[in-house]
Amino acid sequence: MNWHRLSIEEIFELLDTSPKGLSISDAEERYLEYGPNELQEGKKKSVAGMLFDQFKDVMILILLAAAIISGIIGDLTDTIVILVIVVLNAVIGFFQEYRADKAMQALKQMAVTQARVLRDGQSNWLPATILVPGDVVLLEAGNAVPADIRIVESVNLKIEEAALTGESHAIDKIIHSLETDDLPIGDRSNLAFKGTFVTYGRGTGIVIATGMQTELGRIAKMLQEEETLTPLQQRMASFGKKLSLLVLFLCVLFFVSGWLRGEDIVKMVLTSISLAVAAIPEALPAVITISLALAAKRMIRFNSLIRKLPVVETLGSVTYICTDKTGTLTKNKMHVDDVFVNGQLVERRRMASITEQEDGKLMLLAFALNNDAVEDGENNIKGDSTEIALLEVALEQKIKATDWPRLAEIAFDSERKLMTTFHEHDKKIISFTKGAPDILLQRCQNVNAEKLLQQVDEMAAKGHRVLGFAYRYWDVMPTEPDVLVHEKGLQFLGLAGIIDPPRDEVFDAVAQCRTAGIVPVIITGDHPLTAKTIAQRVGILQNESDIVITGKELAALDNDSFSAKVEKIKVYARVSPEQKLQIVKMLQHKGHYVAMTGDGVNDAPSLKRANIGIAMGITGTDVSKEAAHMILLDDNFSTIVKAVREGRRVYDNILKFIKYLMTTNSGELWTLLLGPMIGLPVALLPIHILWINLVSDGLPAISLSFEKAEKDIMDRPPRPPQQTVFANGRGMHMIWVGMLMAGISLSAQAWAINNHLHWQTIVFNVLCLSQMGHVLAIRSEKQSLFSIGIFSNKPLIGAVMIALVLQFVITYTPFLQPIFQTESLSLYEFVIVGAASSLVFFAVEIEKIVARRNEKTK
């Protein structure tokens, strides 16, 4: 229903009500028909259901299977350790989801509790939940709007709708009908919406929608959509499935080969289970969680508050950043960009030049005097943002309003779109009038209105909000200023072009996005010309093929047409909440990972649906913050780019420790698998495998999360969403380095057995020390350890030292030897272990040299 198109009489008739309101009996009947005026929640997941969901991940199921099997064969240590890891992950995941579920609760809290309603001609305060369509509601400054309402009386009524529409200033409400059909919410100036606030004046309205039928209700429905999985969650799910199939295949292969050789079946079952435990990186879920938590803590320094841990990594995969304009790309502070006076357009930096002309001086006086903004004792200016901008220009030229006291005024109103003030100047009475140029010029004499309106259009085309100024001298001070008398026969002064300018740091941030393969897009509730100007200034609009589109134009496109254009559209203006959601979904459909910024209730559904929803910490509503994955504490676009850089670094480091853990497990696997096949005894016991997987692996893996960013981190495109953790040679690296570790370990085992040495302890130490060499070598994908600096990651060096000391302790401490099944090694044996282990480090460094040379050749 286009309520804004209907006249007041038509609405009273359609809703079968009157200016006295509904009768009490009618209201009760309608309440039974329409239900309570409150937001309904979708099917809620129980706390137990949320907790149970944390155990559905493939990697977690594999770990649980390993724990059960270890318990069955009597290895309770393995079982307890694995269960502790699983429970820790489940608890962290549960609290993330539980906290995310609060978005709907925050939305419900925006519903007001009381409203002033006319029923049977009597005004009463009633619970807002019992309002029904047809009720007549009285509004005044300070009230929250209790339902969607058609305004039928407005006395300077202004309503703050920023939370719902994104408009940064309060909207003047009118009573007459509007002609256009599908107007954006922000342009339906004869309607008031549930959850918005009256900031000025008073008014009366008829309730046209309640509960889930309101604009706020439609947003609540959209908030009930499912969230998408993060890239890491998708990749780890895929990784877990592949790993489980590989482990199952190798265990069966190992068991069958042993059985065919005539090995003892019970022994082969136990060894196959050891093999499965060796293949599973038990520490991986915990290491990823800890790494993300450390990164989230670190990102607070960049003014980024992470609400959902997996999102840290998602930042590194972002291909589109859909950003609001006001306050994010811009300063959220109006600024006089240029002034048209005496037939010339003067830029802000040359403003002093106009003081040399009479009209220029009067123009600056008009800026200061026809102005309700005030300067306090601490040089802070308070008032309307546009008037603050005008007063700042006057103050820069040493003009103070207090030198010319206001004697009288004709206040601004939304119908007239003018404001006039009276002052004493040069022993005469002068009036200054400002307002919409098209209306002001009709009140001026001796002007070329056509030429001046052309100038207005040129300034508006640059995205400026244009104000006109005029003056007139009077012989005597009017006792009762009258619009019809005192806003006529004016002398035109000039025009002011006002805009919310881009933040200084945004230019570099947008350029960085482009080099990083990320496409920035503006989605705003503002005017298309203003949005286009800012987009051109900051570098978002660069090519002729780049498109600017309005919500109305977007609504006219069918799905196929939008799909064909979506990657060329760089600016969306005047869009509805549904359209924001539609934009996110379409970009995701095209294979993109989307970051979406927002601060209002209207942004909540798209924030929740985006791969990463980014709420504004300063201007954002509670609803947007609860729906978002991350909160910008400074509302600054450049902070998003810093967060993307951090996300890429985090994901690079996650890949490094997956590479590290899986290579180690590959080494254990090949050692256990190939040893018996070549006639050697099983090299490792279950306690050795668990020690390697949790202690030797765990500490260095966590420390890899402190590794600094690669030099080219923002000069490369985002990782393709479908790219697996085995891509770019990582899978091959895991296999060949694992086989090298196994080859060295089995060679050391054979040599030790032949020389009657402590062979099992030697193999155990060779594997552990090989890992230390490997973790140092993979700190950078391409650069040598010596070029990035051995001590550039002090936590990692510390972790390696701790792992080496612990390895020394369990090898040489008598009371620990029976627990870990170790024996003291002689100096000769230890030197052999050290030399053999270092081979892995040098082999990986040679691999990187070859890779660098191949890259140069390409």
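Residues numbered from 1 in each chain as written. Predicted model: local features only at pLDDT ≥ 70, side-chain atom pairs only at ≥ 80, totals over all residues. Heavy atoms only, no water.

Draft legend 1. Layout of the overall build of the chain. Across its full length, the chain holds 33 helices and 24 strands. Principal-axis analysis of the C-alpha atoms places the extent of the chain at approximately 120 × 70 × 50 Å. Of all 858 residues assigned to the chain, the portion counted as buried reaches 55%. In the chain, of all internal contacts separated by at least 6 residues, the share reaching a separation of at least 24 is 71%. As presented, the chain carries roughly 36,900 Å² of accessible surface, and 58% of it is formed by carbon and sulfur atoms. Between the averaged position of the 86 positive side-chain charges in the chain and that of its 98 negative side-chain charges there is a distance of 6 Å. (Helix = DSSP H or I, 4+ residues; strand = E, 2+ residues; numbered from the N terminus. Buried < 20%, exposed > 50% of the residue type's maximum accessible area, 1.4 Å probe, protein only. Contact = heavy atoms within 4.5 Å. Areas by Shrake-Rupley, 256 points an atom, 1.4 Å probe, with all protein chains shown as cover. Lys, Arg positive; Asp, Glu negative; His and termini not counted. Charge placed at Lys NZ, Arg CZ, Asp CG, Glu CD.)

Draft legend 2. Up close: helix H18 (residues 506-515). For H18, the complete set of buried residues consists of Val506, Ala509, Val510 and Cys513. Mapping the buried residues of H18 onto a view down its axis gives an arc of 95 degrees, with all of them on the same face. Looking at the buried residues of H18, the elements they touch are strand S9 (320-323), strand S19 (519-524), helix H19 (528-538) and helix H25 (637-677). Directly after H18, the chain includes Gly517, whose backbone phi takes a positive value near 75 degrees. (Arc of directions from axis to C-beta.)

Draft legend 3. Representation of the packing of H25 against helix H28 (residues 730-754). Packing of H25 against H28 leaves a shortest axis separation of 7 Å and a crossing angle of 45 degrees. As the angle between them shows, H25 and H28 are arranged oblique. With respect to the hand of their crossing, H25 and H28 are arranged in right-handed fashion. Residues Leu655, Ile658, Lys659, Met662, Thr663, Thr664, Ser666, Gly667, Trp670, Thr671, Leu674 and Gly675 of H25 pack against Arg730, His733, Met734, Ile735, Val737, Gly738, Met739, Met741, Ala742, Ser745 and Leu746 of H28. Looking at the contact of H25 with H28 residue by residue, the classes come out as twelve nonpolar, nine polar and two charged. (Axes fitted to C-alpha atoms, helices over the stretch in contact; angles between N-to-C directions. Parallel < 35°, antiparallel > 145°, perpendicular 65-115°, else oblique. Left-handed = near helix turned anticlockwise from the far one by under 90°. Nonpolar A, V, L, I, M, F, W, Y, C, P; charged D, E, K, R; others polar.)

Draft legend 4. Geometry of the packing of helix H29 (residues 759-777) against helix H31 (residues 794-812). The contact between H29 and H31 brings their axes to 10 Å, and the two run at 175 degrees. As far as their axial angle goes, H31 and H29 are roughly antiparallel. Residues Thr761, Phe764, Asn765, Cys768, Leu769, Met772, Val775 and Leu776 of H29 pack against Leu796, Ile797, Val800, Ala803, Leu804, Gln807, Ile810 and Thr811 of H31. For the contact of H29 with H31, the per-class residue count stands at twelve nonpolar, four polar and no charged.

Draft legend 5. Expanded view of the pattern of salt bridges. Under the counting rule described, the total for this entry stands at 33 salt bridges. For Glu161, the salt bridge is made with Lys173, and the minimal N-O distance between the two is 2.6 Å. With a gap of twelve residues between them, Glu161 in the loop between strand S4 (148-160) and helix H7 (162-165) and Lys173 in the loop between strand S5 (171-172) and strand S6 (191-192) connect regions that are remote in the sequence. By relative accessible area, Lys173 is classed as buried at 2%. The salt bridge partner of Glu215 is Arg218, with a shortest N-O separation of 2.3 Å. Of this pair, Glu215 and Arg218 both sit in helix H8 (residues 215-223), three residues apart, roughly one helical turn. Residue classification places Glu215 among the buried positions, given a relative accessible area of 9%. Of the residues examined, Arg218 reaches a relative accessible area of 28% and is grouped as partly exposed. When salt bridges with common partners are traced through the structure, they connect Asp652, Asp712, Arg716, Arg719 and Lys782 into a single cluster. (Salt bridge = Lys/Arg side-chain N within 4 Å of Asp/Glu carboxyl O.)

Draft legend 6. Main features of the environment of Trp670. Topologically, Trp670 is positioned in helix H25. In this structure Trp670 comes out as partly exposed when scored by relative accessible area, which is 21%. Measuring from C-alpha to C-alpha, the distance between Trp670 and Ile290 comes to 29 Å, with 380 residues separating the pair along the chain.

Draft legend 7. Spatial organisation of the side chain of Ser304. In this structure, Ser304 sits in strand S8 (residues 304-306). On the basis of relative accessibility, which here comes to 0%, the residue Ser304 falls in the buried class. Excluding residues that lie within four positions of it along the chain, Ser304 makes contacts with Ala296, Met299, Met630, Ile631, Leu632, Thr639 and Ala643.

Draft legend 8. Quick peek at the sheet that holds strand S23 (residues 612-616). In space, the eight strands of this open sheet follow the order S8-S24-S23-S22-S9-S19-S21-S20, with mixed pairing throughout. At either margin of the open sheet sits one strand with a lone partner, and together these are S8 and strand S20 (547-550). Mean inter-strand twist for the sheet, computed between neighbouring axes without regard to direction, equals 20 degrees. Here S23 pairs with strand S24 (residues 630-632) via three bridges, running parallel. Counterpart to Met616 in the pairing with S24 is Leu632. Each of S19, S20 and strand S21 (569-573) touches H19; the most contacted strand, S21, lies at about 145 degrees to it. Contacts from H25 reach S8, S9, S19, strand S22 (594-598), S23 and S24 within the one sheet, and its direction differs from that of S9 by about 155 degrees. (Pairing = 2+ DSSP bridges.)

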